[in-house]
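Take a look at the letters that make up each chain.
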Amino acid sequence: MSKTVLTVDDSRTMRDMLMLALSDAGYRVVQAEDGVHGLEVLLGETPDVIVTDINMPRMDGFGFIEGVRSDDRHRAVPILVLTTESDAGKKDRARRAGATGWIIKPFDPVKLVAAIRRVAA
Amino acid sequence: MTEIIRTDIASARELIAFRIGAQEFCVDIMSVREIRGWTPATALPQSPCFVRGVVNLRGAVLPIVDLAARLGFPPAEPTARHVIIVAQIEAQVVGLLVDAVSDILTVTDDLVQATPDVASDMAKTFVRGVLAIDKRMISLIALDQVLPAPERDAA
Amino acid sequence: MDAMAAIKQTFFQECEEQLAELEIGLLAIQDGDVNPETVNAVFRAVHSIKGGAGAFSLDDLVHFAHVFETAMDHLRAGRLAPSHEVLKTMLRAMDVLADFVRAARDGGCVDAERSQTLAKELRALDPDGSGAGSEMDDEEIAFEPVLMDQSMFDDELEAAAAPPVRLFTIRFRPKATLYAKANETALLLREIGLLGEMAIACDASALPLLSELDPEGGYLSWTIELLTTQDEAAIREVFEFVEWDCDLDIESDAASAAPDDIDLAALIQKMQATVEAELSALSPPPTRVDPLAEASRKDADASADPGVIDLAKARQKKSEQAVGEHLGPKPDQGAAGGASQPTIRVDLDRVDRLINLVGELVINQAMLAQRVMEAGLARASGVATGLDELEQLTREIQDSVMAIRAQPVKSVFQRMPRLVREVAAMTGKLVRLVTEGENTEVDKTVIERLADPLTHMIRNAIDHGLESPEARAAAGKPEEGLVHLSALHRSGRIVIEVSDDGAGINRARVKEIAASKGLIAADASLSDEEIDNLIFLPGFSTAPSISDISGRGVGMDVVRRSIQALGGRISITSRPGRGSTFTMSLPLTLAVLDGMVVTVAGQTLVVPLTAIVETLQPKIADVHGFGGGARVIAIREHFTPLIDVGRELDYRGENADPLACVALLVESEGGVRSALLVDAILGQRQVVIKSLEANYRHVPGIAAATILGDGRVALILDVDAVVASSRADSAAFEQSLATAG
């Protein structure tokens, strides 16, 4: 059975790109449009990995990570954060919020899959 | 081997033959979509005399060309026995009013003879050649000139 | 590749949406909106555009978006106050950003001077305010690493020739926080294994007694010997996500051991054996803390060393607990699981096909109804009742299908603020645009053709309607003029209004111009309304010189014509000193039309209801010959040209007897009223519009065709064309009389 990845991003472009890269690599992809939607989707899905944007309406990536980590069902799910900035500040904040790792946008599909492999079997 | 097959495909074709008055004509079957009975057409103002008007073809508006008038014969007096050959001419679909459909012919290109010199100018515009079949003479019609050019004959 | 092209298209669509968001947000902030989410939303819009643009290597767009984003970030962080000036710059920057987006999409380039100026202005907004020029370089340098980061080190390695094999010793001691963030030792080790050949030793000496063991603690540490051609950076990259959550120590013996001296094959063989043994013991990973996933594989790995067993048990206990909690109450899981999916995307072709089919259904239903009527079935019969229901259903289906293609006018309205800014800048006027009802829906085909007339009307309102700030001040009005754009549904049509609070129509001047251009008699007595409507006449233009803004010599007659081409009407009301209001009313769709079915010389025609003002029965005393073959009819003392439709369309050679006919008073292009003579009125009905051009060509005097209940084609009259052609005929006739005489 293929692994499931939940992608959380408010940009349709980014969701489509993630979908393309991940489904090409054989993952099943479920999508959410922001943090709130992401938590809703998690009520019915048990993804193997979550890839989330930081800057989103309604609930940003930090809030979403905290939400996931405080839910016993999902707190052990690896979460990769999408970030355009490579600056340490953003990464550090994501890390402290409980992110497993990060992916720098614009991402290279090969690197994306490598990063996912590094956090999920 | 390949050569032969190619020749066969290129030259063998099916034609639909029909009558207008005492003469016989035919068109390539590939351009014929269907054959229907005559139904009264809605006249179009300011149109050439050979355009009988338009009819409803399953929701599309289909212009009807009186092929007799188009070829320079007296206009048809359509009855229920007349038929309309629905033909595709480039992107458009047109109905051709003829007296009756007479035959379906399978011919090769070498059977098509050049249009005789005696033909009228009108015939020369539409007739691509003639076929001699069972002592009948059947004129092969090219459809691309059948509809009036856009706006040209408008006045 | 196709998939990428599709995504790129999505990106550009999304850009338009983001630009719209951006504009709404900036305008809200300008109007004093201090909600932080508004600022966040505008920041996000620019940020998203930049992010997507990066993915498609649209470097120019990325660069400008980056500068914009940086300025936006100052605003967001409160380092920059949202002053009027700041917002003005941002709004202009937004226009440039839109230009960049469109240039990236459609090709072409952006006005370099303008974009550089704005980039400079944006940089100047930096509260730490260093100059503009120098920062360009900083910014580029700052941005470059992102691009660098994307290049694969694999590629770099492939490029390097025969890299040396080195032996690394990696000591790795995860902390509990590593697991808390869902990283897993086993996966990291596996990734290290992919870099070369490795041997692993696990140190479990730090494991406490089971009673003291925290199931989520980190007690194990690992020593890995890795033989690889990769460098230390590649190894560090594997640990990139966990470097804060572990002790990591990497040593290389590369300096001492030259590759040639090592018996590689033997070493690799030995390591392979070790690795295989270790890996089989590792699977599934001993330190994994994942209650749910582990619960499902309880059988697991009861081999290996005691530490592992203990851990497994502890894990199991924990999982059972966790499972217990989760099997408990969460009743709405399934229901909420599918999660909100409020919209679907459908290929427009499919919708259009559906609309066509429903059109057929409407016609078929009408035909059926007519047949039933002809068959003389009693109204109360089962068939007739069933038919009524069918008609009801058909109409509902038609409405619902049309609704699929309906879109809010927002997409057109959103283009207007930019237009207003541009025209305001060109005319030196101060303008505020207020829009209302932008969620009013109308068929997509109508929307597409709405932009041009609307653009023209807005330009006109600013250029001709509003006064200069000085003139406004002198008149005691606020210097900033107001243009109000609104949309609403009214009796099955959409009504769009453009109003301004300017000077209103200068009626004396309009009349003077109309007279000087021979459009009216110099001594004509006209009502205010009639004077106002003169501006719609072809060739009328109040601007003393052809203005660059209101169009190159085209006037409101063009607007009127394009609206009428859509089956719409436009009118104006004006109050001197208070402003003018243009009101246009349009059908909600171009697929159907409300028409009056009439007969003319045995032919059935449909006259668009929108053109008809009233119908009347001509009286002999009212009809007068008027030169040549022309006739006029007196309607409430106004002499109106009487046009015999049958004659105009060449259905008959002689003028029909008006007494045996019905006259339709119509208003055509330019507000001209004429009376169309038809034989009889059959009724009013909604008809499905069919193109004549699809299979034939344009026919003068005919707008389109439709199919009536009897299955026959009926032509839809082009009222404007018939009136215009009748006028031309009379003119030609008079001329021939003049030359003859």
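Use the structure listed above.
### Digging into the packing of helix α20 (residues 451-465) of chain C against helix α24 (residues 556-565) of chain C
All names here are of chain C.
Turning to step 1, where the next piece is worked out: Between α20 and α24, the least distance of the axes is 9 Å, while the angle of their chain directions is 150°. In this view, α20 runs roughly antiparallel relative to α24, as classed from their interaxial angle. Handedness of the crossing formed by α20 with α24: left-handed. Residue-level inspection shows Pro453, His456, Met457 and Asn460 of α20 in contact with α24, the latter providing Met556, Val559, Ser562 and Ile563.

### Some points on unusual backbone geometry
Residues and elements named next belong to chain C.
Turning to step 1, where the next piece is worked out: For Ala601, which is not a glycine, the phi torsion comes out positive at approximately 50°.
Turning to step 2, where the next piece is worked out: Among the residues examined, Ala601 registers a relative accessible area of 31% and is labelled partly exposed.
Turning to step 3, where the next piece is worked out: Positive phi, normally seen in glycine, also occurs at Asp650, with a value near 65°.
Turning to step 4, where the next piece is worked out: For Asp650, a relative accessible area of 57% gives the class exposed.

### Examining the sheet that holds strand β9 (residues 112-113) of chain B
All names here are of chain B.
Turning to step 1, where the next piece is worked out: An order of β8-β1-β2-β11-β10-β9 is seen for the 6 strands of this open sheet, with the pairing classed as mixed. Both outer strands of the open sheet, β8 (100-107) and β9, are each paired with one neighbouring strand and no more.
Turning to step 2, where the next piece is worked out: Taken together, the 7 bridges between strand β1 (residues 13-20) and β8 define a ladder with antiparallel strand orientation. Of the residues in β8, the one forming a bridge with Ile16 is Ile104.

### Thoughts on the interface of chain B and chain C
Turning to step 1, where the next piece is worked out: Of the residues lining the interface, 30 residues belong to chain B; the matching set on chain C comes to 24 residues.
Turning to step 2, where the next piece is worked out: Here chain B packs against chain C, burying approximately 2100 Å² in sum over the two surfaces, 54% of which is carbon and sulfur.
Turning to step 3, where the next piece is worked out: Sorting the residues of chain B by area buried against chain C places Pro45(B), Gln46(B) and Val61(B) first, and these three jointly supply 29% of that buried surface.
Turning to step 4, where the next piece is worked out: Linking chain B with chain C are 0 salt bridges.
Turning to step 5, where the next piece is worked out: Between the two partners, chain B and chain C, sit 9 residue pairs in polar contact (both at pLDDT 80 or more).
Turning to step 6, where the next piece is worked out: Those elements that place two or more of their residues in the side of chain B that touches chain C are β4 (51-57), β5 (60-66) and β7 (92-98) of chain B.
Turning to step 7, where the next piece is worked out: Here the residues of the side of chain B that touches chain C are counted per class, giving 20 nonpolar, 6 polar and 4 charged.

### Description of the pattern of salt bridges
All names here are of chain C.
Turning to step 1, where the next piece is worked out: Within the structure shown, the criterion is met by 44 salt bridges over all chains.
Turning to step 2, where the next piece is worked out: Put simply, Asp247 and Arg173 hold a salt bridge, and the shortest N to O gap is 3.7 Å. One end of the pair, Asp247, is in strand β4 (residues 246-252); the other, Arg173, is in strand β1 (residues 166-174), with 74 residues separating them in the sequence.
Turning to step 3, where the next piece is worked out: Relative accessible area serves as the criterion here: at 37%, Arg173 is assigned to the partly exposed category.
Turning to step 4, where the next piece is worked out: In this structure, Glu614 engages Arg636 in a salt bridge whose closest nitrogen and oxygen atoms are separated by 2.6 Å. You can see Glu614 sitting in strand β14 (residues 612-616) and its partner Arg636 sitting in the loop between β16 (631-635) and β17 (638-644), a full 22 residues away along the chain.
Turning to step 5, where the next piece is worked out: Residue Glu614 is classed as partly exposed on the basis of its relative accessible area, which comes to 24%.
Turning to step 6, where the next piece is worked out: Assessed through its relative accessible area of 59%, Arg636 is described here as exposed.
Turning to step 7, where the next piece is worked out: Overlapping salt bridges bring together Glu23, Asp95, Asp99, Arg114, Arg418, Arg421 and Glu422 as one network.

### What to know about the pairing of strand β2 (residues 23-28) of chain B
Residues and elements named next belong to chain B.
Turning to step 1, where the next piece is worked out: When β1 meets β2, the two strands line up antiparallel, connected through 6 bridges. Within β2, the position partnered with Ala17 by the bridge is Cys26.
Turning to step 2, where the next piece is worked out: Where β1 folds back onto β2 in an antiparallel hairpin, the turn is made up of 2 residues, including Gly21, whose phi is positive at roughly 60°.
Turning to step 3, where the next piece is worked out: Both β2 and strand β11 (residues 136-141) contribute to a ladder of 3 bridges, which runs parallel. Each bridged residue has a counterpart across the sheet, and for Phe25 the counterpart in β11 is Ser139.

### Brief notes about the packing of helix α15 (residues 348-374) of chain C against helix α16 (residues 382-405) of chain C
All names here are of chain C.
Turning to step 1, where the next piece is worked out: The N-to-C vectors of α15 and α16 enclose an angle of 160°; their axes lie 10 Å apart at closest approach. Considering the angle they form, α15 stands roughly antiparallel to α16. Considering how the two elements wind past one another, α15 and α16 form a crossing that is left-handed. On α16, the residues touching Leu348, Val351, Asp352, Leu354, Ile355, Val358, Leu361, Val362, Gln365, Leu368, Ala369 and Val372 of α15 are Val383, Leu387, Leu390, Glu391, Thr394, Ile397, Gln398, Val401, Met402, Ile404 and Arg405.
Turning to step 2, where the next piece is worked out: In terms of residue class, the contact of α15 with α16 is built from 17 nonpolar, 3 polar and 3 charged.

### Let's talk about the interface of chain A and chain C
Turning to step 1, where the next piece is worked out: With 48 residues of chain A at the interface, the matching set in chain C holds 53 residues.
Turning to step 2, where the next piece is worked out: In total, about 4700 Å² of surface goes out of reach between chain A and chain C, with carbon and sulfur atoms giving 55% of it.
Turning to step 3, where the next piece is worked out: Taken as a group, Arg12(A), Pro106(A) and Arg118(A) account for 18% of the area that chain A buries against chain C, more than any other trio of residues on that side.
Turning to step 4, where the next piece is worked out: Summed over the shared surface of chain A and chain C, the result is 2 salt bridges.
Turning to step 5, where the next piece is worked out: Between Glu17(C) and Arg12(A) there is a salt bridge, with the nearest N and O atoms lying 3.3 Å from each other.
Turning to step 6, where the next piece is worked out: For the interface between chain A and chain C, the tally reads 7 residue pairs in polar contact (both at pLDDT 80 or more).
Turning to step 7, where the next piece is worked out: Taken together, the residues of the side of chain A that touches chain C break down into 20 nonpolar, 10 polar and 18 charged.

### Points about the side chain of Thr640(C)
Turning to step 1, where the next piece is worked out: In this structure, Thr640(C) sits in strand β17.
Turning to step 2, where the next piece is worked out: Classification of Thr640(C) by relative accessible area gives buried; the value is 5%.

### Regarding the environment of Val5(A)
All names here are of chain A.
Turning to step 1, where the next piece is worked out: Mapping Val5 onto the fold places it in strand β1 (residues 4-8).
Turning to step 2, where the next piece is worked out: Taking the C-alpha atoms as reference points, Val5 and Leu18, separated by 13 residues in sequence, lie 9.7 Å from one another.
Turning to step 3, where the next piece is worked out: If we skip the residues at most four places from it in the chain, Val5 touches Leu22, Tyr27, Arg28, Val29, Val30, Pro47, Val49, Val51 and Ile116.

### A short note on the sheet that holds strand β20 (residues 680-688) of chain C
All names here are of chain C.
Turning to step 1, where the next piece is worked out: Here 5 strands make up an open sheet; going across it, the order is β20-β12-β13-β22-β21 and the pairing mixed. Edge strands, defined here as strands with exactly one partner in the open sheet, are β20 and β21 (702-707). Averaged over neighbouring strand pairs, the angle between their axes works out to 35° when direction is ignored.
Turning to step 2, where the next piece is worked out: Where strand β12 (residues 592-600) and strand β13 (residues 603-608) come together, 6 bridges link them in antiparallel fashion. From the neighbouring strand, Val598 faces β13, where its bridge partner is Leu605.

Conventions we followed
- Numbering of residues starts from 1 in each chain and follows the order in which that chain's sequence is written.
- Whichever chain is written first becomes A and whichever ligand is written first becomes 1, with later ones labelled in order.
- Confidence filtering applies because this is a predicted model: local features only for residues at pLDDT of at least 70, side-chain atom pairs given and counted only at 80 or more, and all residues used for totals across whole chains, interfaces and linings.
- The side-chain values count all of the structure's non-hydrogen atoms but skip hydrogen atoms and water molecules.
- Angular values range over 0 to 180 degrees, each being the angle between N-to-C directions of two axes fitted as lines to C-alpha atoms, with helices fitted over their stretch in contact.
- Put simply, DSSP H or I for four residues or longer makes a helix, DSSP E for two residues or longer makes a strand, and each gets a number counted from the N terminus.
- Comment on the angle field: the value is read as roughly parallel under 35 degrees, roughly antiparallel over 145, roughly perpendicular from 65 to 115, and oblique elsewhere.
- We call a crossing left-handed when the near helix sits turned anticlockwise from the far one by less than a right angle, and right-handed when that turn is clockwise.
- The contact criterion used is simple: two residues touch if any of their non-hydrogen atoms lie within 4.5 Å.
- Relative accessible area decides the class of each residue, using a 1.4 Å probe on protein chains only: under 20% of the type maximum gives buried, over 50% gives exposed, and in between gives partly exposed.
- Paired strands are those between which DSSP finds at least two bridges.
- As used here, buried area is the combined drop in accessible area, with a 1.4 Å probe, of two parts when they are placed together.
- Within this document, salt bridges are pairs made up of a side-chain nitrogen of Lys or Arg and a carboxyl oxygen of Asp or Glu, the two lying within 4 Å of each other.
- Distance and chemistry together define a polar contact, namely a pair of N or O atoms within 3.5 Å, with one atom able to donate a hydrogen and the other to accept it when in protein, and with adjacent residues in sequence counting only for side-chain atoms on both sides.
- Three classes are used: nonpolar for Ala, Val, Leu, Ile, Met, Phe, Trp, Tyr, Cys and Pro, charged for Asp, Glu, Lys and Arg, and polar for all others, with Gly counted as polar.

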